[in-house]
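The residues making up each chain are set out below.
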Amino acid sequence: MPTVKVNGIEVEVAPGTNMIEAARQAGVDIPHYCYHPHLPVAGNCRMCLVDVEAGGRGPDIACNMQARDGLAIRTDTDNVKRMRRSVMEFLLVNHPLDCPICDQAGECRLQDYYMEHGQHHSRLADEKITRTKRQDIGDLIILDADRCIACSRCVRFSDEVTKTGELRLFNRTDHTEIGVFPGTRLSHHYQGCLADICPVGALTNKDFRFQKRSWYLRAEPSVCDRCATGCNIDVDHDHGEVFRYRPRRNDAVNKSWMCDFGRLSYKRLAAEDRILTARGPEGAEGVDAVLAGLAAAVDAAARDHGDGSVGLVLGTRATNEANWAMLRALRAAVPGARVFLVEGNDPDAFDYTDDLLVHADKNPNTAGVRLIAEADGAVGDAEALRAALADGGLRLLLVLADDVLARLGEVRRPEALAFFGTWANATSEAARWVLPLAAAQEVEGSFTNFQGRVQRLQPAIPAAGDSRPGQVLAAGLARALGEDALPAGAAGVFHDLAANVPAFFGLSLAGLGAEGALVHREPPTEQVAPPDTRPAP
Amino acid sequence: MTDQAHNGEKVAWTEQELAEIEEIASRYPSRRSAMLPVLWMAQHKFGWLSLPVLELVAETVGVPPSEARAVASFYTMLKKKPTGRYVLQVCHTLSCALNGAEEIIRHIESKYDFDENGNTPDGLFTLERVECLASCGSGPMMQVGEHYYERLTPEKVDEILAGFESGEPLPTPRPEADEWQWNLQS
């Protein structure tokens, strides 16, 4: 492991680390435009020029300088300040300075670095070279070539990540202009990433343009719920309204990227088809009243027709906590209740899959529910459910989150159906009791992605309408069934889950961290007690 | 993709050209390295590199069309606009300039009605000012096709252009130039 010095601070870094990352580890920020941790190094913006104190010759660019023993750089010399100032001056020569009408304002590297390193008076005597503004080059992207500083991040993204190669720098020198082949448009489903990585206002997101000044937004870390990959996201919100999702860096899952389907799915939070109130046989009622009615029906069915007449379908679209809490609640009150897991995609899933990020399974928690089902040991599949429905023995079926009726297709329906879900669908239409389930970005909890990585959800905005987290609805149902001992908090439910599902042994919700934690592939033979991170009562 | 045709015709290579392209591509470890020679071939064949021609070249060397355009737009010798049948490239760098290049250029300009792209309306001539063509001892000079016309005077220019107007074919390059090219390829 090479040891390098940055401004006199010694730091040991992994072999192959470049000096921008090494400096970051030493707590020193080196300004840069073209460098991106998930793209090949281009070295064209020259903003990361540093002085080399020992172990090489300088000045040189930090992005293309690999850490090696004895290398010492300085970023705090007058020479470095002068170089940064000169680079800024060149980058701004032809820049239109249209910040007041530019959507990048507030999160623009040109603005940021100008304030930190530029602050010069224009010495430009000639007319500025102008390029084409407002080019509609894709479903999600507007290109303003005037603002481009030719860093080529978008070119490298199109070449190396999506491998579609639509974007290129045309012409030469100060006439260089970013663009697509005339008459063509971006065709891939990661267009939003182009706006993310553009350090200036050249590529902006059509969906977000002029909706909000970025400095009014607050970001909450969460996880995308549109497929089994579980891309890490920042939920940008203001006053309870979500304005956009942006990928949050997680090198083990989505690097710095996310697909456009997931990115635009923030609209689902305020969609028309959200289930916002509880509904019973008599129409809209309070959540508690509907839960009480459902509990009475569960009791009656179990009493009159035996435990096996009550069933629960776990939800691949619901959190680990919602699933575990529902399973616990029902098993506590009706020990012989039948439990099922019906895998498949709902009709509202988007129809696209690739080998970059978009998984064929469009449910965020199939892996987690499988592990819970495995630990329970008595969970039937779609065939078992079909059979149970066909013989009429299953009278009352509780369904969590998934559009199970749509997934089953033609099937004999149970006498009575209860649906705990976030969006209206065929199952909610057919249900006698409908309970509003809060969306993933509104709750505390976790999803387990297809890799077996348990990733934490934190509420960015309050739950819409009367909707509540799954574990809260489950605890309410348990109470109505006379079971008071079950936890309703996400951390408590996770603690209970981690104590009972071997693959989760030793994990805690707070301990998942920003990057999640893998479940045990080979469950430990002895139980590892999870750390108790619950707040003191 | 663009649906436009090049000069009203669909663009395509002949069998023989395709074989030549394969030969060119075989010289490089990566097929995309054949980009410049194939662009050059395309310019010879089609006269200039319209969007459909660039798309054909990109397809031929296996890159996105944007890359063919990016490369073509970098080089001034690759024509992105239609040119006349005879491209008059008059050197205006130091030696030629001192020996009267501007006078030659003004003389040519006065003979025809060139548009903003430097083309005559009949599509016969294109006038270009170019940088040094390494014929400094014999300026002023111009290149037409791959042939050098040296020690130009207005009278000599009139004579040359009259020949072209009467339908004289593009002169072949000087023999030594041929040999030089041959050496490069072998």
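Quick caveat: nothing in here was measured; it's all calculated off a predicted structure. (Residues numbered from 1 in each chain as written. Chains lettered and ligands numbered in written order. Predicted model: local features only at pLDDT ≥ 70, side-chain atom pairs only at ≥ 80, totals over all residues. Heavy atoms only, no water.)

Regarding its fold elements, chain B presents eight helices and four strands. Going residue by residue from the N terminus, the α and β elements of chain B occur as α-α-α-α-β-α-α-β-β-β-α-α. Counting across all 186 residues of chain B, residues that qualify as buried make up 45%. Put simply, of all contacts in chain B between residues at least 6 apart along the chain, 64% involve residues at least 24 apart. Of the roughly 10500 Å² of accessible surface on chain B, a fraction of 53% belongs to carbon and sulfur atoms. (Helix = DSSP H or I, 4+ residues; strand = E, 2+ residues; numbered from the N terminus. Buried < 20%, exposed > 50% of the residue type's maximum accessible area, 1.4 Å probe, protein only. Contact = heavy atoms within 4.5 Å. Areas by Shrake-Rupley, 256 points an atom, 1.4 Å probe, with all protein chains shown as cover.)

Residues and elements named next belong to chain A. All told, the structure shown has 43 salt bridges over all chains when counted by the stated rule. Residue Lys133 is joined to Asp98 by a salt bridge in which the shortest nitrogen-to-oxygen separation is 2.8 Å. Placement of Lys133 in the loop between α3 (109–118) and β6 (135–136) and of Asp98 in the loop between α2 (78–91) and α3 is noted, with a sequence separation of 35 residues between them. The exposure class assigned to Lys133 is partly exposed, which follows from its relative accessible area of 24%. (Salt bridge = Lys/Arg side-chain N within 4 Å of Asp/Glu carboxyl O.)

Assigned domains of chain B: these are domain 1 (5–74) and domain 2 (86–174). In this structure, domain 1 of chain B and domain 2 of chain B have C-alpha centres spaced 28 Å apart. (Domains from an automatic or database assignment.)

Turning next to the domain arrangement of chain A. All names here are of chain A. For chain A, the assigned domains read domain 1 (3–91), domain 2 (96–216), domain 3 (219–270) and domain 4 (281–439 + 466–518). On a C-alpha basis, the centres of domain 1 and domain 3 stand 31 Å from each other. Taken together, the contact pairs five residues of domain 1 with five residues of domain 3. For the domain 1 and domain 3 pair, buried surface summed over both sides reaches about 380 Å², with 60% attributable to carbon and sulfur atoms. Summed over the shared surface of domain 1 and domain 3, the number is zero salt bridges. Put simply, domain 1 and domain 3 have two residue pairs in polar contact (both at pLDDT 80 or more) between them. A breakdown of the residues in the side of domain 1 that touches domain 3 according to their chemical character gives two nonpolar, two polar and one charged. (Buried area = accessible area lost by both parts, 1.4 Å probe. Polar contact = N/O pair within 3.5 Å; in protein donor to acceptor, adjacent residues only side chain to side chain. Nonpolar A, V, L, I, M, F, W, Y, C, P; charged D, E, K, R; others polar.)

We now examine the side chain of Thr229(A). Residue and element names in this part refer to chain A. As for its placement among the helices and strands, Thr229 is situated in the loop between β11 (218–223) and β12 (232–238). Of note is the side chain of Thr229, whose polar atom sits 2.4 Å from the backbone oxygen of Leu357. Excluding anything up to four places from it in sequence, Thr229 contacts Val253, Leu357, Val358, His359, Asn449, Phe450 and Gln455.

So, on to the nonpolar core. All names here are of chain A. Met19, Tyr33, Ile73, Leu110, Phe157 and Leu167 are the most contacted members of the largest nonpolar core, which has 77 residues in total. Among the elements that take part in this core, α2 stands out by supplying five residues, more than any other. Not counting residues within four places of it along the chain, the set of residues in contact with Ile73 comprises Lys5, Val6, Asn7, Met19, Ile30, Val50, Asp51, Val52, Glu53 and Met65. Core analysis: the second largest hydrophobic core is formed by 56 residues, Leu341, Leu437, Ala474 and Val501 among them. (Core = buried A, V, L, I, M, F, W, Y, C linked by side-chain atoms within 4.5 Å.)

Let us look at the sheet that holds strand β7 (residues 141–143) of chain A. Sheet strands associate in pairs through backbone hydrogen bonding, adopting either a parallel or an antiparallel arrangement. Residues and elements named next belong to chain A. On the basis of which strands lie adjacent, the open sheet formed by three strands has the order β6-β7-β10 and antiparallel pairing. With partners counted over all chains shown, the strands left at the sheet margins are β6 and β10 (203–205), one partner each. With two bridges connecting them, β6 and β7 associate as antiparallel partners. The residue bridging Asp136 from the neighbouring strand is Ile142, located in β7. (Pairing = 2+ DSSP bridges.)

What follows concerns helix α14 (residues 490–500) of chain A. Among the eleven residues of α14(A), eight are classified as buried, and the element is accordingly described as predominantly covered. Buried residues in α14(A) make contact with α8 (320–333), α9 (366–376), β22 (445–448), β23 (453–457) and α13 (470–480) of chain A.

What follows concerns the packing of aromatic side chains. Residue and element names in this part refer to chain B. This model, assessed by the stated rule, comprises 15 aromatic pairs over all chains. Centroid distance Trp13 to Phe46: 6.0 Å. Interplanar angle 55°. Geometry classified as tilted. Taken as a pair, Trp13 in the segment before α1 (15–25) and Phe46 in helix α2 (residues 35–46) lie far apart in primary sequence, 33 residues in all. Assessed through its relative accessible area of 14%, Phe46 is described here as buried. Taken together, a centroid distance of 5.9 Å and an interplanar angle of 75° make the contact between Tyr112 and Phe114 edge-to-face. As far as the burial class goes, Tyr112 and Phe114 line up, both buried. (Phe/Tyr/Trp six-rings, centres within 6.5 Å; stacked < 30°, edge-to-face > 60°.)

Right, let's talk about the pairing of strand β1 (residues 3–6) of chain A for a bit. Residue and element names in this part refer to chain A. Taking every second residue as pointing to the same face, the buried face of β1 carries Val4 and Val6, while none of Thr3 and Lys5 on the other face is buried. Where β1 and strand β2 (residues 9–12) come together, four bridges link them in antiparallel fashion. Bridge assignment links Lys5 to a residue of β2, and that residue is Glu10. Here β1 hands over to β2 after two residues, with Asn7 in that stretch at a positive phi of 50°.

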